[in-house]
Amino acid sequence: MSTLLIIEQVLNGLQFGVMLFLMAAGLTLIFGVMGLINLAHGSLYMIGAFAAAAVAGATGSFVLALGAALAVAAIAGALIEMTVIRRLYGKAHLDQVLATFALILIFSEGTRWLFGSFPLFLDIPDYLSGPVTLPGAIQYPLYRLTLIAVGLLVGLGLWALIERTRIGIQIRAGENDREMIAALGVDIRLLYTLVFAIGAALAGLAGALVGAIQSVQVGMGEPVLILAFVVIVIGGIGSIKGAFIGALLVGLTDTLGGIFLPELFKLFMEPGAATQTGSALASMAIYILMSLVLIWRPTGLFGARA
Amino acid sequence: MIPERLVNWIVFAGLLAVPLWAIVVDEPFTITLVTRAVILAIAAVGLNIALGIGGLVSLGHAVFFGLGGYAMGILAYHAQTYTSLDLFGLSLAGTKSMPIIWLVAVVMSALAAWIIGLLSLRTSGVYFIMITLAFGQMFYYFAISWSTYGGEDGLSIYVRNGFPGLNTLVPIQFFGLCFALLCIVLFLNARLQNAPFGLALNAARQVPTRVETVGLNPMRLKLVAFVISGAITGLAGALFADLNRFVSPTMFSWQLSGELIVLIIIGGVGRLYGPVVGACLFVALEHWLGALTEFWHVYLGLILLAIVLFARGGIIGLLTGKEGAHV
């Protein structure tokens, strides 16, 4: 096992983690501010990917496609916030789980009805395809490197938005005391719609970006959704910092586990059985990680409240 | 408004009448549909003990459903291939006998529920929902990568397992068996609800601190409820696998866990017959709407949304005009 391969896998893990962060940031923000558990977040991811694929197919421009993904996901997010989600604040988690589960059913089948069951394809634009040579003569796909950069930039932007702007102050205040901030004259309903739309836009962006390296299809959002939940539970629900660290942990564990666990088992088992056990364990690795974290700290790494 | 007891009797009579009518008009497929509803009802009754009485929102009950299914699949697979099942140095023979399979399914799922419960009950609220979901995914991915028993493709069993004195391949006889089990499970549930244990569990859901002050351990109450709940759902899993003569990792999928909760909510949370009504309605919708449109899940979603937002008591709540107990 060469150092080159290890570095490449670490980069893959980072790329995966950073994309998970885009999903998890929205989820954790929505939970932190509105106390809402949103299963339909994966649908917004899917909507972003479909919007991007449709626009890229029509115009051929990747930048326009990303813009469309952001816009359509944000609008869809704002719409479901105003029609359904708004009624769920302050209700039992069971109600929230069910109502958003219902939204998944509606969105998945609706998309299947609009676009059919066959996957769509979103191509990486020419100026982002092909490998680049990193220091140390490592060849790595430019697009994946771009994803890492975009993810980190969005993370930075989100941090600046929350820590450095007026809206950010209102969001943080909304997390702590919604009656107080409403009394101070902030339109809390509008703020909630905005937070939900921001979360939705991030999910849509992630969907479009990942859609270019995987296929765009109905049901693509649910596996990512569950991983994003694992991320925010590890990080502590409501904490953006936790979501970032959790996302990298999950991305790296999943990618590196798939490569190294079978190798590890080969040290003391016969190759066939080692591959079988190793890959079985690797596919469960992040869930094992999550249960260990929860057993150690029942509210996650950076979580304050249950 | 109809009294709840009457609703229960109507549902009970309907479940018996429809298959009998199907025999008269010779429509065996209807019997299979009702059997499916009965089995899903058993699974949901199991979940309702944890969810309805104990307030434990488990999004991982597919674990037990799947374990029951695989208990049946693995035992029957070894019986039909005449191979032995090697476990910890023991060489066991497979079996095609339902009572033994049920016993194994119940014991395995109870054991899994005990371990998962011990770990998960340390958390609460959203974290509990998420950790049960994570356990579900763990089993799901394990089943997919476990190629000995079919991996992603699952396991087919050629002939339905047998029950002494019955020919289980005759739809109505298999239905009778499942229906009898549903009755037993419902009876247990009714007894449990009014027994000291059920009352204490109910209290532990509402005011854990008070339960603790009178000297009861809410954690232990919830754990026992979770184990009973998992065992019943496991039994349903074994039956479900026998109905289809097929097991696959989808029995572990989180959508299934979600659907089990949906059954309860449609019927009415914390009500004895809630899961039964929910399961019947679900299977009926799946059959009729599924025949009308390929996209029947949209309508299921809309109905679910309407129930969560406007009819918190589910169908039984609507019929009896009472919202009923809630989580």
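Description of the structure in this document.

Rules of the game
Residues numbered from 1 in each chain as written. Chains lettered and ligands numbered in written order. Predicted model: local features only at pLDDT ≥ 70, side-chain atom pairs only at ≥ 80, totals over all residues. Core = buried A, V, L, I, M, F, W, Y, C linked by C-beta atoms within 7 Å. Buried ≥ 20, exposed ≤ 12 C-beta atoms within 10 Å, placed from the backbone. Helix = DSSP H or I, 4+ residues; strand = E, 2+ residues; numbered from the N terminus. Contact = placed C-beta atoms within 7 Å. Nonpolar A, V, L, I, M, F, W, Y, C, P; charged D, E, K, R; others polar. Axes fitted to C-alpha atoms, helices over the stretch in contact; angles between N-to-C directions. Parallel < 35°, antiparallel > 145°, perpendicular 65-115°, else oblique. Left-handed = near helix turned anticlockwise from the far one by under 90°. Expected span 1.5 Å × (residues − 1).

1. Some words on the nonpolar core
Nonpolar side chains tend toward joint burial in soluble globular proteins. Core analysis: the biggest nonpolar cluster contains 213 residues, and A:Ala52, A:Val230 and B:Ile42 have the highest contact counts within it. For this core, the element with the highest residue contribution is helix α2 (residues 28–53) of chain B, accounting for 17 residues. Non-local contacts of A:Val230, meaning those with residues more than four positions away in its chain, are made with A:Val250, A:Ile286, A:Tyr287, A:Met290 and B:Ala134.

2. Points about the interface of chain A and chain B
Interfaces are often described in size by the accessible area the parts lose on coming together. With 39 residues of chain A in contact, the opposing surface of chain B contributes 37 residues. When residues of the side of chain A that touches chain B are traced back to their parent elements, those giving at least two are α4 (93–115), α9 (221–235) and α11 (271–296) of chain A. The element best represented in the side of chain A that touches chain B is α4(A), accounting for 16 residues. For the side of chain A that touches chain B, a count of residues per class yields 27 nonpolar, 8 polar and 4 charged.

3. Structural notes on the packing of helix α1 (residues 3–34) of chain A against helix α8 (residues 188–211) of chain A
Residue and element names in this part refer to chain A. Where α1 contacts α8, the two axes come as close as 8 Å, and the packing angle between them is 165 degrees. One element, α1, and the other, α8, form an angle in the roughly antiparallel class. Along this stretch, α1 crosses α8, giving a crossing that reads as left-handed. Packed against α1, whose contacting residues are Met19, Leu22, Met23, Ala25, Gly26, Leu27, Leu29, Ile30, Val33 and Met34, the element α8 presents Tyr192, Val195, Phe196, Ile198, Gly199, Ala200, Leu202, Ala203, Leu205, Ala206, Leu209 and Val210 at the interface.

4. Side note on helix α10 (residues 254–267) of chain B
Residue and element names in this part refer to chain B. With 14 residues, α10 extends 20 Å between its outermost C-alpha atoms, agreeing within 8% with the 20 Å of an ideal straight helix rising 1.5 Å per residue. Across the 14 residues that make up α10, a large majority, 13, are buried. Directly beyond the C-terminal end of α10, a positive phi value near 140 degrees is found at Gly268.

5. So, the packing of α10(B) against helix α11 (residues 274–292) of chain B
All names here are of chain B. Two elements in contact, α10 and α11, have axes separated by 7 Å at closest approach and are oriented at 105 degrees. Classified by the interaxial angle, the pair formed by α10 and α11 is roughly perpendicular. On α11, the residues touching Leu263, Ile264, Ile266 and Gly267 of α10 are Gly274, Pro275, Val276, Val277, Gly278, Ala279, Leu281 and Phe282. Of the residues belonging to the contact of α10 with α11, the class tally is 9 nonpolar, 3 polar and no charged.

6. Thoughts on α2(B)
Residue and element names in this part refer to chain B. Its 26 residues give α2 an end-to-end C-alpha distance of 36 Å, which sits within 8% of 38 Å, the value for a rise of 1.5 Å per residue. Counting buried positions along α2 gives 22 out of 26 residues, so the element sits mostly inside the fold. Just downstream of α2 lies Gly55, where phi reads positive at about 70 degrees.

7. Points about the environment of B:Leu192
Residue and element names in this part refer to chain B. Here Leu192 lies in helix α6 (residues 171–194). We classify Leu192 as partly exposed; it has 16 C-beta atoms within 10 Å. Setting aside residues no more than four positions away along its own chain, Leu192 makes contact with Ile49, Phe197 and Gly198.

Take it as geometry only, folks, not as evidence of what the structure does.
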